[in-house]
Amino acid sequence: MNSILKKLIKTAAGRTKFIFAVLGLSIAMLLILAAVQLQENYNSLLNSKTNQDSIANFLVINKQLTNKTYGNTFISGEDIAHIRQQPFTEDVGILKPSLFKASVESFSNRFPFSTDISFESVPSSFIDVQTKDWNWDEHSNYIPMIAPNMFLDFYNFQFSFSQNLPQLTQENVKMIVFKVKIETPNGYALFNGRIVGFSDRITSLLVPETFMNWANKQYGGNINTQPSRIVIKTKDPGNPQLVQFLKDNGYATDADKTRFSKYRQIVSTVVNISWITGAVLLVFALLIFTLFIQLTIASCKNEIQQLIILGASPYQLKKFLVKQFFPQNILIILISLIVLSGIQYWLYGFLLAQHIYINIFISYKTIIVALLVLLILWFTNFYTIRKYIQS
Amino acid sequence: MQLSIKHIVPIPLKEKTTISNSDVWNKECTFSSGEFVKIKASSGSGKTTLVHILYKLRNDFSGSVLYNQEDMRQLTAEQIAQARQQHISIVFQDLRLFPQLTIRENIELKRVLQKPLYESNMIDTMANRLGIGHILQQKAMLCSYGEQQRAAIIRALIQPFEILLLDEPFSHLDQANSNNAATLIEEECAKRNAGFILTDLDDDDRFNYTRKLNL
């Protein structure tokens, strides 16, 4: 029966109109699914481990120094607990400052060097320099130190020129043993010190916590030991929520690291617009397809009327018409998914060349959305056909 | 099954004086399967209107038509379709074949609209008996009216039915072809223990009518 009905309905509806309706729906489908995939890629770029920036994920935070906070920039236990509770905080580490006067000198006359210095320490889990030398006890021969890269840059590209000193590579510096002088009530305590690594994560001269605790106790006296700087680990330093939190609570951090939040808000807006565009287009495409179904039914109204006169039941006709229109929808969605997979594959290769990693396959969420859209299409088709057959 | 009419008067014929002399209009009448009923009337007296009312194609009449004691107006679209597939078959005066389909497709459509009563080769058998076996593959619009009329008769006979409505079914057939068709109709009715209601302009003795009515 279907082949005869097909012949009757087909001759009544225009082929070109059908092609246009299918084309419209395909484009809209591709756009909406692309919007979903775009969102997924965007999320994966933000959150996946491979794309994380090891520097940016650690933020050193202190209270903003203003006339109001002058002399009271300590971060209390309560403040730390509050920061710890925030959804973007993964871990909080306290930066302990040295509470004694210290200076660093070189042993060699060929390389005369002397400067007053202060240290900071931080729990080892916050340090990105992997070295077996990073430990200290009272029997150690020297104090290991981690210096920020910018210290060396400052030396190599400014200081050395002005003082007529040689430039130093990281490896050179690691070989130098310094004299560390700590002022005590009875003169100076002398130690050896050595730079064991360089880092961009925390811009202080770091020493192991064990040394800091010991030295503060030994030479620090009874000065307030409340911290004034902390370091937080976060998945996403560009998170606008984090930036807002810091602003609201009067904290300051390296603005460079959080600057990304502004770009991110812009990208988020663009992604949202692509969503809306896709959704609006989908609505239009549904309208086109619905109109096409109506047109088909209207153009073979006489045939349908006569079929009903001859005894075809509305149920039979509905079933036939749904079968006529629905398989195209499945095909459209399948083709859209295949095209999208192709684009994703190409994008993967393209971004890989720029060291940006996205998934090689499209997201399962895109496929779920495709199935949902298919469901909506089925309802629309069924509803339109039912409405027009009954009328 | 039974098809009963109770005081039906088509609204367009309401003013006609001839209605009072009719055996059908504004009377009570029951047609049962197994009966061969002939309704004779002159042109314009409402033969086709009656057939269409009985087949529930029009509603512009007063009175009621009962289909197995149930008011036809109350039946749902699905119930009507069920009745047309299983219980009431029809040969329209204007035939109503799909012009773009072949004769075979026109008949086949009616054969498979419900669970088929006959195998498809029955179409060939019937078509050969009525002399249209050679045009089965021809589009209906290319066939003569007489050929189309015979195709419409076969289309009505290929499905299950208990009452067959025939609206001037031999109007374009010669005597021999009319007799041929009548024999086939009678045989098919007998096979199903079915009856028919036939409308025509003149008297005839092609069937052993159980009842003859004037419209």
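Note: the structure precedes this text.
(A) Focus on helix 6 (residues 175–192) of chain B. Residue and element names in this part refer to chain B. Between its first and last C-alpha, helix 6 extends 26 Å over 18 residues, near the 26 Å set by a 1.5 Å rise per residue. Every buried residue of helix 6 is listed here: Asn-177, Ser-178, Ala-181, Ala-182, Leu-184, Ile-185, Glu-188, Cys-189 and Arg-192. The buried residues of helix 6 occupy one face: seen down the axis, they fall within an arc of 165 degrees. In helix 6, the exposed positions angled more than 90 degrees off the buried face are occupied by Gln-175, Ala-176, Ala-190 and Lys-191. Its buried side turned inward, helix 6 meets strand 3 (36–40), helix 4 (121–129), helix 5 (145–157), strand 7 (163–167) and strand 8 (195–200). At the N-terminal end of helix 6, a side-chain oxygen is found 3.2 Å from the backbone nitrogen of Ala-176, two or three residues along, and the residue is Asp-174. One or two positions beyond helix 6, positive phi appears at Asn-193, with a value near 55 degrees.

(B) Main features of the environment of A:Val92. Residue and element names in this part refer to chain A. Looking at the element boundaries, Val-92 is found in strand 2 (residues 89–97). Sequence separation between Val-92 and Ile-230 is 138 residues, and the spatial gap between their C-alpha atoms is 7.0 Å. With sequence-adjacent residues up to four places away left out, Val-92 is seen in contact with Ile-80, Ile-83, Arg-84, Phe-126, Ile-230, Val-231 and Ile-232.

(C) Here's a closer look at the interface of chain A and chain B. Counting residues at the interface gives 18 residues for chain A, matched by 20 residues for chain B. When chain A packs against chain B, close to 1800 Å² is buried across both sides, 66% of that on carbon and sulfur atoms. Area buried by chain A at its contact with chain B is led by A:Ile4, A:Ile309 and A:Leu310, which between them contribute 37% of it. Viewed at the interface, chain B and chain A are joined by nine residue pairs in polar contact (both at pLDDT 80 or more). At six residues, the largest contribution of residues to the side of chain A that touches chain B is made by helix 10 (residues 301–310) of chain A. Among the residues making up the side of chain A that touches chain B, the classes are represented as 11 nonpolar, five polar and two charged.

(D) Up close: helix 3 (residues 77–85) of chain A. Residues and elements named next belong to chain A. Among the residues making up helix 3, those that are buried are Asp-79, Ile-80 and Ile-83. Viewed end-on, helix 3 has its buried residues packed into an arc of 100 degrees, placing them on one side of the element. Exposed and facing more than 90 degrees away from the buried side of helix 3 are Gly-77, Glu-78 and Gln-85. Where helix 3 is buried, its residues contact strand 1 (58–63), strand 2, strand 9 (229–234), helix 7 (240–248) and strand 10 (251–252).

(E) Fine view of the sheet that holds strand 6 (residues 143–148) of chain A. Residues and elements named next belong to chain A. Ordered by their spatial adjacency, five strands build an open sheet running 4-3-7-8-6, and the pairing between neighbours is mixed. Each of the sheet's edge strands pairs with one partner strand only, and the pair in question is strand 4 (114–117) and strand 6. Along the sheet, successive strands turn relative to each other by an average axial angle of 35 degrees, direction set aside. Along the sheet, helix 4 (residues 149–163) makes contact with strand 6 and strand 8 (187–199), crossing strand 6 at roughly 75 degrees.

Basis of the calculations
- Residues numbered from 1 in each chain as written.
- Chains lettered and ligands numbered in written order.
- Predicted model: local features only at pLDDT ≥ 70, side-chain atom pairs only at ≥ 80, totals over all residues.
- Heavy atoms only, no water.
- Helix = DSSP H or I, 4+ residues; strand = E, 2+ residues; numbered from the N terminus.
- Expected span 1.5 Å × (residues − 1).
- Buried < 20%, exposed > 50% of the residue type's maximum accessible area, 1.4 Å probe, protein only.
- Arc of directions from axis to C-beta.
- Contact = heavy atoms within 4.5 Å.
- Polar contact = N/O pair within 3.5 Å; in protein donor to acceptor, adjacent residues only side chain to side chain.
- Buried area = accessible area lost by both parts, 1.4 Å probe.
- Nonpolar A, V, L, I, M, F, W, Y, C, P; charged D, E, K, R; others polar.
- Pairing = 2+ DSSP bridges.
- Axes fitted to C-alpha atoms, helices over the stretch in contact; angles between N-to-C directions.

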